[in-house]
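Here is how the chains run, residue by residue.
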Amino acid sequence: MTEPASTIVILTGAGISKESGLDTFRDNDGIWAKVRIEDVATPEAYIRNPTRVQEFYNARRAGLKEPNVVPNPAHDALARLEKDWPGEVLLVTQNIDDLHERAGSHNLIHMHGELLKVRCEYCDALMQWEDDLSTTTPCPHCGRKGGLRPHVVWFGEMPLGMDKIYESLDTCRLFVSIGTSGNVYPAAGFVQHVRYRGLAHSVELNLEPSQGATLFSEAIYGPATEIVPAFVERILKDGIPAP
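It should be emphasised that the depicted structure is a prediction, and the values quoted were computed from it without experimental measurement. (Residues numbered from 1 in each chain as written. Predicted model: local features only at pLDDT ≥ 70, side-chain atom pairs only at ≥ 80, totals over all residues. Heavy atoms only, no water.)

> Would you mind going over the sheet that holds strand 4 (residues 113–120) with me for this structure?
Sheets are built from strands that pair by backbone hydrogen bonding, the pairs being arranged parallel or antiparallel. Strand order in the open sheet formed by three strands is 5-4-6, and the pairing between neighbours is antiparallel. Each of the sheet's edge strands pairs with one partner strand only, and the pair in question is strand 5 (126–128) and strand 6 (148–152). Going across the sheet, the axis of each strand differs from the next one's by a mean of 40°, ignoring polarity. Together, strand 4 and strand 6 form the strand contacts of helix 4 (residues 50–64), whose direction differs from that of strand 4 by roughly 135°. (Pairing = 2+ DSSP bridges. Helix = DSSP H or I, 4+ residues; strand = E, 2+ residues; numbered from the N terminus. Axes fitted to C-alpha atoms, helices over the stretch in contact; angles between N-to-C directions. Contact = heavy atoms within 4.5 Å.)

In structure tokens form, the structure reads like this:
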């Protein structure tokens, strides 16, 4: 068992929010089975048809605010780990929902942006936003129309917070990947980065094996609401296994 103050890095993907009522992306019935990435999630799509892109994210924003969409026990368990672990717990999420925040997580990086934020391409203002957005919505900061876009990292754009993420991956003693498909980079490469260092134990918690499953030191499969709380309980009780 390593020192109790060791750093833990946790990566979460859409699978952790599925049991809260949000669609995943790459399942057979996921979002990308219903709409083409090229039509709604690239800078080119936004240039070509901004109205369609705004409508897509308006619908997702509205879905996130449905009363039945709430944090589940997996979100709650990760918030508890951050609170009770004596070292640092960095939560890196590919998700653009706010369920981790609602569960009580604070040390959090949304590497793919946040659905409930928008930014202005004219004045660079970043702001909370829960209402619909259109191509004619004026920016509350600069007053110009046509510059507000979802604060979401589209395909072809650079994910957020990468310097901090890799700094933590370089020093962590435990890396955990939860609910990810393992085929979206750079996040899919985090386990390989940690593995080559040889200093961290790595664990995949997923409904089924990801594309990078063989790279992990340990794997536990099942519903996130069951396996994540049990895993957190184990770490808080027994500490981090040796690499």
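> Help me understand the pattern of salt bridges, please; the structure alone is not making it clear to me.
A side chain with one charge can pair with a side chain of the opposite charge if their charged atoms come near. If you walk through the whole model with that rule in mind, you get ten salt bridges. Among the ionic pairs, Arg 52 bridges to Asp 39, the shortest N-O distance being 3.7 Å. Of this pair, Arg 52 sits in helix 4 while Asp 39 sits in helix 2 (residues 37–40); the two residues are 13 residues apart in sequence, bridging distant segments of the chain. The partner of Glu 157 in a salt bridge is Arg 149, and the shortest N-O contact between them spans 2.9 Å. You can call Glu 157 partly exposed: its relative accessible area is 25%. A cluster of three or more residues bridged by salt bridges with shared partners is formed by Arg 80, Lys 83, Asp 84 and Glu 233. (Salt bridge = Lys/Arg side-chain N within 4 Å of Asp/Glu carboxyl O. Buried < 20%, exposed > 50% of the residue type's maximum accessible area, 1.4 Å probe, protein only.)

> What is the right way to look at helix 4 in this model?
In an α-helix, one turn spans 3.6 residues; hence positions three or four apart end up facing the same way. Counted at 1.5 Å a residue, the expected span for helix 4 with its 15 residues is 21 Å, and the 21 Å between its end C-alpha atoms agrees. Val 53, Gln 54, Phe 56, Tyr 57, Asn 58, Arg 61 and Leu 64 are the residues of helix 4 that are buried. In this structure, the buried side of helix 4 is in contact with helix 2, helix 3 (43–48), helix 6 (99–103), strand 4 and strand 6. (Expected span 1.5 Å × (residues − 1).)

> What exactly am I supposed to notice about the packing of helix 7 (residues 162–171) against helix 8 (residues 190–197) here?
The axes of two packed helices give the description: the angle between them and the distance between them. Two elements in contact, helix 7 and helix 8, have axes whose closest approach is 9 Å; the angle formed by their N-to-C orientations is 35°. The crossing of helix 7 and helix 8 is right-handed. Contacts between helix 7 and helix 8 involve Met 162, Ile 165, Tyr 166, Leu 169, Asp 170 and Thr 171 from the first element and Phe 190, His 193, Val 194 and Arg 197 from the second. The class makeup of the residues in the contact of helix 7 with helix 8 is six nonpolar, two polar and two charged. (Left-handed = near helix turned anticlockwise from the far one by under 90°. Nonpolar A, V, L, I, M, F, W, Y, C, P; charged D, E, K, R; others polar.)

> When you look at the side chain of Thr 12 in this model, what are you seeing that I'm missing?
If you trace the backbone, Thr 12 turns up in strand 1 (residues 8–12). Judged by its relative accessible area of 0%, Thr 12 is buried. Among the polar contacts made by the side chain of Thr 12, one reaches the side chain of Thr 93 at a distance of 2.8 Å. A polar contact of 3.0 Å, which involves the side chain of Thr 12, links it to the side chain of His 100. If we skip the residues at most four places from it in the chain, Thr 12 touches Leu 78, Leu 91, Val 92, Thr 93, Gln 94, Asn 95, His 100, Ile 178 and Thr 180. (Polar contact = N/O pair within 3.5 Å; in protein donor to acceptor, adjacent residues only side chain to side chain.)

> I would appreciate a short explanation of the environment of Leu 174 in the present structure.
Tracing the chain through its elements places Leu 174 in strand 7 (residues 174–178). Between the C-alpha atoms of Leu 174 and Asp 131, which are 43 residues apart in sequence, the distance is 39 Å. Leave out the neighbours within four places in its chain, and Leu 174 touches Thr 7, Ile 8, Val 9, Ala 200, His 201, Val 203, Phe 231, Ile 235 and Ile 240.

That's the geometry; what it means functionally is another story.
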